[in-house]
Amino acid sequence: MSDLLLNLTPTAAAAALGDWLRDRGEPAYRVRQIVPRLWQRPVAAWSEATDLPVGLRRELDAAWPLPRPVQRARQTSHDGTIKFLWEFPAGDAVESVLILEGRRRTLCISSQAGCAFGCVFCATGRMGFVRHLAPWEITAQVRELALDPELNMPTNVVFMGMGEPLHNWDAVDRALTILNAPEGFGIGARHITVSTVGLVPALEQLAARREQFRVALSLHAADPATRRSLMPVEGKYPLADVMAVLRQFPKRVTLEYVMIEGINDRDSDLRELTQVARSSGALVNLLPLHPGGAPGYRPTPPARIAAFAAGLEAHGISATIRRSRGLDISAACGQLRLETDEVRGVSPEVDAHVEE
Ligand code: SF4
């Protein structure tokens, strides 16, 4: 779909449009009228760009279509969290979740349909890998919010939905530019977080970008044996190698730690986590396992999570306990998609294969 303007960076889209307009004898200033309608002040269809002549709008429709996903499901939690299920013209569906906390409107977006990495506590992992999303499909999750008269642009974007963003690096790399560029959505790099299980080659490429995007590592266990039992990727990219790359990022990284009773919440786990967090200067986010996300696993009780946080703080490590948002609306990663498929009689594949 390289012919879509929405798949291009704003600079490349302006260049492609400039050539196209020149061929039609249109004035160059039309580029400055058209590009903002892609992301800054988006239109659902070119027919809505009423500052352009009708004939040009028709030509834009034919040459540069603006595809949109269909909203297949939407659930609102009593805590205000909104979960969307988007279906793309190619037929696959992904989720995004909007979390409202005061003025902060954080949108959690998906980068792949399904996921190849098979983390045992994750609903998306149980689906197996379906496909990579194109840049426009990743950024459409933000664009659709901007187009919805009841909603608004998110202030923050986190790549924590379905899929491993660094497994789809080329598309995510471009999506990051679209999200951040002033001619794109203009969301500050410090308000965009890429969450990863730690794919070393793409992590190095992310570290090499000049913008200071935030990075969160899905850690979930700090000793290699426990981590490998939860996350097969540990066998391919050992934690020590991942932590070495994380030190190249100028901003403090965050370590995400989903707490699972009896699995990674023992005293020995706390000691290992303390060591990794202290040596990397990272922040730690402790999250209770979402109760519906992983059959056979139970969330660590709140008192034990609080004790873990206190243990980290006692060693000077900043630890935050995150609430599990949207508990009443299936807000665990991949869960809405699984439920919808079950209703439709589709059995999600299980594929724990780890690919690069
Ligand atoms: S936690 Fe992330 S990387 Fe692991 S299976 Fe789920 S979506 Fe994939």
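Preceding this paragraph is the structure being described.
Rules used in this analysis
Residues numbered from 1 in each chain as written. Predicted model: local features only at pLDDT ≥ 70, side-chain atom pairs only at ≥ 80, totals over all residues. Core = buried A, V, L, I, M, F, W, Y, C linked by C-beta atoms within 7 Å. Buried ≥ 20, exposed ≤ 12 C-beta atoms within 10 Å, placed from the backbone. Helix = DSSP H or I, 4+ residues; strand = E, 2+ residues; numbered from the N terminus. Domains from an automatic or database assignment. Contact = placed C-beta atoms within 7 Å. Pairing = 2+ DSSP bridges. Axes fitted to C-alpha atoms, helices over the stretch in contact; angles between N-to-C directions. Parallel < 35°, antiparallel > 145°, perpendicular 65-115°, else oblique. Left-handed = near helix turned anticlockwise from the far one by under 90°. Nonpolar A, V, L, I, M, F, W, Y, C, P; charged D, E, K, R; others polar. Right-handed = clockwise from strand over helix to strand, strands pointing away.

With respect to the nonpolar core
Move 1: In terms of nonpolar packing, the biggest core is built from 96 residues, with Phe-121, Val-157, Leu-179, Tyr-257, Met-259, Ala-277 and Val-284 touching the most fellow members.
Move 2: Of all the elements, helix 6 (residues 169-180) adds the most residues to this core, at six residues.
Move 3: Counting only domains with at least three residues in this core, you end up with domain 1 (5-63) and domain 2 (70-344).
Move 4: Contact partners of Val-284, with chain neighbours within four places excluded, come to Leu-255, Tyr-257, Leu-273, Ala-277, Leu-312, Ile-317, Ser-318 and Ala-319.

Some remarks on the environment of Gln-205
Move 1: Take Gln-205: it is sitting in helix 7 (residues 200-208).
Move 2: Remark: the alpha-carbon pair of Gln-205 and Val-245, spanning 40 residues in sequence, is separated by 10.0 Å.

Regarding the sheet that holds strand 7 (residues 156-159)
Move 1: Sheet architecture is open: ten strands sit in the order 1-2-3-4-7-8-9-10-11-12, paired in mixed fashion. Each having just a single partner strand, strand 1 (70-76) and strand 12 (319-321) make up the two edges of the open sheet. Ignoring strand direction, the axes of neighbouring strands in this sheet form an average angle of 20°.
Move 2: Alignment of strand 11 (residues 283-288) against strand 12, held across three bridges, turns out to be parallel.

Examining the packing of helix 10 (residues 267-280) against helix 11 (residues 302-313)
Move 1: Viewed as axis vectors pointing N to C, helix 10 and helix 11 meet at an angle of 40°, and their least axial separation amounts to 10 Å. What the angle tells us is that helix 10 and helix 11 run oblique. Crossing angle aside, the handedness with which helix 10 passes helix 11 is right-handed. Contact with helix 10, carried on its side by Leu-270, Thr-274 and Ala-277, involves Phe-308, Gly-311 and Leu-312 of helix 11 and no other residues of that element.
Move 2: The class makeup of the residues in the contact of helix 10 with helix 11 is four nonpolar, two polar and no charged.

Observations regarding the pairing of strand 9 (residues 214-218)
For a regular strand, side-chain orientation follows a simple rule: the groups alternate between the two sheet faces.
Move 1: As paired elements, strand 8 (residues 192-196) and strand 9 share four bridges and run parallel to each other. Opposite Thr-193, over in strand 9, you have Arg-214 as the bridge partner.
Move 2: Handedness of the strand 8-helix 7-strand 9 crossover: right-handed.

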